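Below, each chain spelled out in residue letters.
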Amino acid sequence: MSQHGVGPRAVTRSVAFLTAGVLAVPALTGCGSEDPAGKPLAAPDIQPAGRDRIADGGTLRWAVDSVPDTLNTFQSDADATTLRVAQAVLPSMFRMNASGRPERNPAYLESAEVVETEPKQVVLYKLNQQAVWSDGREIGAADFAAQWRALSGKDTAYWTARNAGYDRIQKIERGDNALEVRVTFSRPYADWRSLFSPLYPKDVMGTPDSFNDGARKKLKVTAGPFTVKKVDREDDEITLARNPRWWGEPAKLSEIVLRTVPRDKRAAELAAGTLDVAEIDPAAARRITVAARPQSSSSPLMGPGADRSAADALHSWAVANGTDEDAADEETVARKKLRKTAVKYARQQQALRGFEVRKSLEPAFTQLALNGAEGPLADERVRRAVARALDRKKLAETVLKPLGLPAVPVGSHLALSGQAHYADNSGALGGQDTKEAQALLADAGWVPGGPLKEQKKKEKEEEKAAGAEGEKAVGEDNKAHGGPDPADHLAHDGKQYQHPARGGGAPGAYAPKGTAAPANREAAPLAKNGKPLTLRFVLPSGPGSQTLRTVADRISRMLERVGIGTDISKVSDESYFKDHIASGQYDLALYSWPATAFPATDARPVYAKPVPAADGSLNVEQNYTRVGTDQVDQLFDEAVSTLDEGKSRSLIRKADSRIWAAAGSIPLFQRPQLIAARKNLVNSGAFGFGTPVYEDMGFLKKGAKPAAGPSAKGSASR
């Protein structure tokens, strides 16, 4: 799966990465006794085992995408590895459970609760009396206060990426003793549990200089089961070592080495024995799954030469033994090279038998973004037509069904199934309906036909001149879709579409009732004022983005059936977000957002109504679709300011219904999480929503077995 998405909550909801009008929004579910949040679609898959079964010591070699530029999660260039390090070495007052909901972290907190609401909200934290920093100093109010001052936004000398929540704090003081911290808010704040996770020592947060530079390359003082032993930028790895001052259950592992390994190299590194665990793509997952099967004549062929037919092999032998000496020599060299590659591949497959694939669903979802700033998609009716043309169930099946994961479309922009704020509000927009899509387009003035000859001629010329940056895949003449569907190996549409026989449209918009649909099932291209309805669909071109490109192809075919053309442009991974998504140079795009347990705080900038900046530009925050409304903003503001959790959830669900109705973005599916892990590695793998418990990770003792039964898919036992 492409990594074009926005990452950890503390980072990307703050630094990455609607018009509802008078549309009627259906009443929200949840009025009855059934919780609309439901349950997570997939459980964690971490091979749980009790600590008594785990060997003491050992080094876990874990693949990551990069050694981060900073170890401070509150800076703009923090990334997923920054968060992974912070989880292992720093305090977090709350962590996520397997349902994506915050729960108190007992290693640091005895309790935390709202003790006063009038005249001000006051939260009292009671700290674990054993909690100390690695230099021996107790964790206390001074650390909380330093972090508040750094992140409050009042001192611009701090180069912070986010201030949400901290800007609502009025004061922080010691309670009745050194283990109590009283936080008083100037305004009510529903998401107070999002604060101080992670918590940095006052040595880092105390001054602008220490905040800006002190935690970029190293963390001298920590307070987790591990410490940062070494950041090696030459070898691209970070070494975490067991913390001797850790007061909880001691870490089973001696060290964790986070190694930078490109995703397309990870299968080879696993086979070479230089990695123990790595997130992998579907192709690597299939290799490992096949390697683990007993070998037989019915086993699928994979690797070099697997796609060669008997005729190909016979032809190769004939050329190598033929009378044309030059051709024979060339073919002989090619056959030796293929044989050598095949032998290497077979050895790798043998080595991969020591691994297994652990899979779940990532706490993130892929969406189709519709840029509503200009062009056809500035018209809400066209955006809604695009949404109604999509069969989201089929798109989810395309990605998840081949992996054996639940193929359920995401029903909310603001939470995922199982999280407290989740409810399927997609009914505010409606499901796939070709007739409705075509009626919306007709109402917006887009009708079949029109003077498109010059446009087609121009597109043919552009097709010939297209370069690598804007590789044309689908044009208005749809030549790229004239042959078999390249995604047929993943899923089949299986549903026939016909032109609607519905009144009220423009003259000639629909074929007479009973007219047979064209063989290609595509509607006539639509036009308005002589211009065709063609949307620029921008995609990343990197090797890790094949799944996105397959989904985009599916979407293009669905849109063609209602008369919408797509012009797919593949751009470099490096420029995809910066030069296209963030700058608004696209009509359609696919990218991902992380799930959050605190949508009133984290999701507001993603869906906030863009406002003009002082210099005349448009301040979109993280709303890259540029679609927003005052009503949605108001609902977010109300949700974050009420301390009634039930009311706050209801307000968030109302906001989501209106975001759906505006059709600025269409959630598609929860992202797959595929992890290759050594078979004897326990309490590690596909964590799903849950925060990893680093001190419980390790390798089984010789002869020990992991937990058996259904709990093998649950979280680690403590």
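Model, not experiment: these values are computed from the prediction.

Thresholds applied
Residues numbered from 1 in each chain as written. Predicted model: local features only at pLDDT ≥ 70, side-chain atom pairs only at ≥ 80, totals over all residues. Heavy atoms only, no water. Helix = DSSP H or I, 4+ residues; strand = E, 2+ residues; numbered from the N terminus. Buried < 20%, exposed > 50% of the residue type's maximum accessible area, 1.4 Å probe, protein only. Areas by Shrake-Rupley, 256 points an atom, 1.4 Å probe, with all protein chains shown as cover. Pairing = 2+ DSSP bridges. Salt bridge = Lys/Arg side-chain N within 4 Å of Asp/Glu carboxyl O. pLDDT = per-residue confidence, 0-100. Contact = heavy atoms within 4.5 Å. Axes fitted to C-alpha atoms, helices over the stretch in contact; angles between N-to-C directions. Polar contact = N/O pair within 3.5 Å; in protein donor to acceptor, adjacent residues only side chain to side chain. Phe/Tyr/Trp six-rings, centres within 6.5 Å; stacked < 30°, edge-to-face > 60°. Core = buried A, V, L, I, M, F, W, Y, C linked by side-chain atoms within 4.5 Å. Parallel < 35°, antiparallel > 145°, perpendicular 65-115°, else oblique. Left-handed = near helix turned anticlockwise from the far one by under 90°. Nonpolar A, V, L, I, M, F, W, Y, C, P; charged D, E, K, R; others polar.

Caption draft 1: Quick peek at the overall build of the chain. Tallying secondary structure elements over the chain gives 19 helices and 24 strands in all. Burial analysis of the chain (718 residues in total) assigns 52% to the buried set. For the chain, the accessible area works out to roughly 31100 Å², and carbon and sulfur atoms hold 49% of it.

Caption draft 2: View of the pairing of strand S9 (residues 237-242). Pairing between strand S8 (residues 226-232) and S9: six bridges, direction antiparallel. Among the inter-strand pairings, Lys230 is bridged to a residue of S9, identified as Thr239. Hairpin connection, S8 to S9: the antiparallel pair is bridged by four residues, and Asp236 has positive phi, about 55 degrees.

Caption draft 3: Summary view of the pattern of salt bridges. Tallied over the entire structure, the rule returns 31 salt bridges. For Arg51, the salt bridge is made with Asp696, and the minimal N-O distance between the two is 2.9 Å. Residue Arg51 is located in the loop between helix H1 (9-15) and strand S1 (59-64), and its partner Asp696 is located in the loop between strand S23 (681-682) and strand S24 (698-699); the two are separated by 645 residues in the primary sequence. Given a relative accessible area of 14%, Arg51 falls into the buried group.

Caption draft 4: Quick peek at unusual backbone geometry. Residue Pro119 is bonded to the preceding Glu118 through a cis peptide linkage, with omega at -5 degrees. With respect to the helices and strands, the residue Pro119 is situated in the loop between strand S4 (109-116) and strand S5 (122-127). Of note, the bond from Ser197 into Pro198 is cis; its omega dihedral lies within 30 degrees of zero at 5 degrees. In this structure, Pro198 sits in the loop between strand S7 (180-185) and helix H4 (202-205). The backbone of Asp236 shows a phi angle near 55 degrees, a positive value even though the residue is not glycine. Tracing the sequence through the fold places Asp236 in the loop between S8 and S9. Residue class for Asp236 comes out partly exposed when judged on its relative accessible area of 34%.

Caption draft 5: Quick peek at the confidence of the model for the chain. Chain-level statistics for the chain give a pLDDT mean of 85 and a share of 80% at 70 or above. Contacts from residues 6-32, a stretch scored under 50 in pLDDT, to residues over four places away or in other chains number 87 contacts. Within the model, pLDDT remains below 50 along residues 468-520, and this stretch shows 98 contacts once partners closer than five positions in the same chain are excluded.

Caption draft 6: Representation of the sheet that holds strand S13 (residues 447-448) within the structure. A sheet is described by the order of its strands in space; here three strands give the open sequence S13-S15-S16, paired in antiparallel fashion. On the outer flanks of this sheet lie S13 and strand S16 (531-532), each paired with one strand and no other. When S13 meets strand S15 (residues 526-528), the two strands line up antiparallel, connected through two bridges. Within S15, the position partnered with Pro448 by the bridge is Leu526.

Caption draft 7: Representation of the sheet that holds strand S6 (residues 169-174). The antiparallel open sheet is built from four strands, whose spatial order is S4-S5-S7-S6. Only two strands of the sheet have a single neighbouring strand rather than two, namely S4 and S6. Neighbour-to-neighbour, the strand axes of this sheet turn through a mean angle of 15 degrees, independent of strand direction. Bridge analysis of S6 against S7 gives five bridges, and the strand direction is antiparallel. Bridging across to S7, Ile169 finds its partner in Phe185. Its contacts with the sheet put helix H3 (residues 141-151) on S5, S6 and S7, and the angle it makes with S6 is roughly 160 degrees.

Caption draft 8: Seen up close, the environment of Leu668. Relative to the helices and strands, Leu668 resides in strand S22 (residues 665-678). For Leu668, a relative accessible area of 0% corresponds to the buried category. Residues Leu668 and His413, spaced 255 residues apart in sequence, show a C-alpha to C-alpha distance of 9.8 Å.

Caption draft 9: Examining the environment of Gln147 more closely. Inspection of the secondary structure assignment puts Gln147 in helix H3. Accessibility expressed as a relative area gives 0% for Gln147, which makes it buried. Measuring from C-alpha to C-alpha, the distance between Gln147 and Thr207 comes to 10.0 Å, with 60 residues separating the pair along the chain. Once residues lying within four places of it in the same chain are set aside, the contact partners of Gln147 are Phe74, Tyr166, Phe196, Pro198, Leu199, Tyr200 and Met205. Only 3.0 Å separates the side chain of Gln147 from the backbone oxygen of Pro198, close enough to count as a polar contact.

Caption draft 10: Representation of the packing of aromatic side chains in the model. Enumeration according to the criterion identifies 20 aromatic pairs in this entry. A centroid spacing of 6.3 Å and a plane angle of 80 degrees characterise the contact between Tyr125 and Trp192, whose relative ring orientation is edge-to-face. With a gap of 67 residues between them, Tyr125 in strand S5 and Trp192 in the loop between S7 and H4 connect regions that are remote in the sequence. Each of the two residues, Tyr125 as well as Trp192, counts as buried. Ring centres of Tyr576 and Phe577 lie 6.2 Å apart, and the angle between their planes is 85 degrees; this geometry places the pair in the edge-to-face category. Phe577 shares its class with Tyr576; the two are buried. A network of ring pairs unites the aromatic residues Phe74, Phe94, Tyr125, Phe144, Tyr166, Trp192, Phe196 and Tyr200 as a single cluster.

Caption draft 11: A look at the nonpolar core. One finds Met93, Tyr125, Phe196 and Leu240 to be the most contacted residues of the largest nonpolar core, which totals 101 residues. If one sorts the elements of this core by residue count, H3 sits on top with seven residues. The contact partners of Leu240, leaving out residues within four places of it in the chain, are Val85, Ala88, Val89, Phe226, Thr227, Val228, Lys229, Ser254, Glu255, Ile256 and Leu258. Among the nonpolar cores identified, the runner-up in size contains 62 residues, and Val382, Leu405, Leu440 and Met558 belong to it.

Caption draft 12: Structural view of the packing of helix H10 (residues 380-389) against helix H12 (residues 434-443). Their axes nearest at 8 Å, the elements H10 and H12 cross at an angle of 165 degrees. By the angle between their axes, H10 is roughly antiparallel relative to H12. The two elements H10 and H12 meet at a crossing, and its hand is left-handed. Contacts from Arg381, Val382, Arg384, Ala385, Arg388 and Ala389 of H10 reach H12 at Thr434, Glu436, Ala437, Leu440, Leu441 and Asp443. The residue makeup of the contact of H10 with H12, split by class, is six nonpolar, one polar and five charged.

Caption draft 13: A look at the side chain of His413. Looking at the secondary structure, you find His413 in the loop between helix H11 (392-400) and H12. By relative accessible area, which is 0% here, His413 ends up buried. Reaching out from His413, the side chain makes a polar contact with the backbone oxygen of Ser665 at a distance of 2.8 Å. If sequence neighbours within four positions are ignored, His413 has contacts with Phe365, Tyr607, Asp656, Ile659, Trp660, Ser665 and Pro667.

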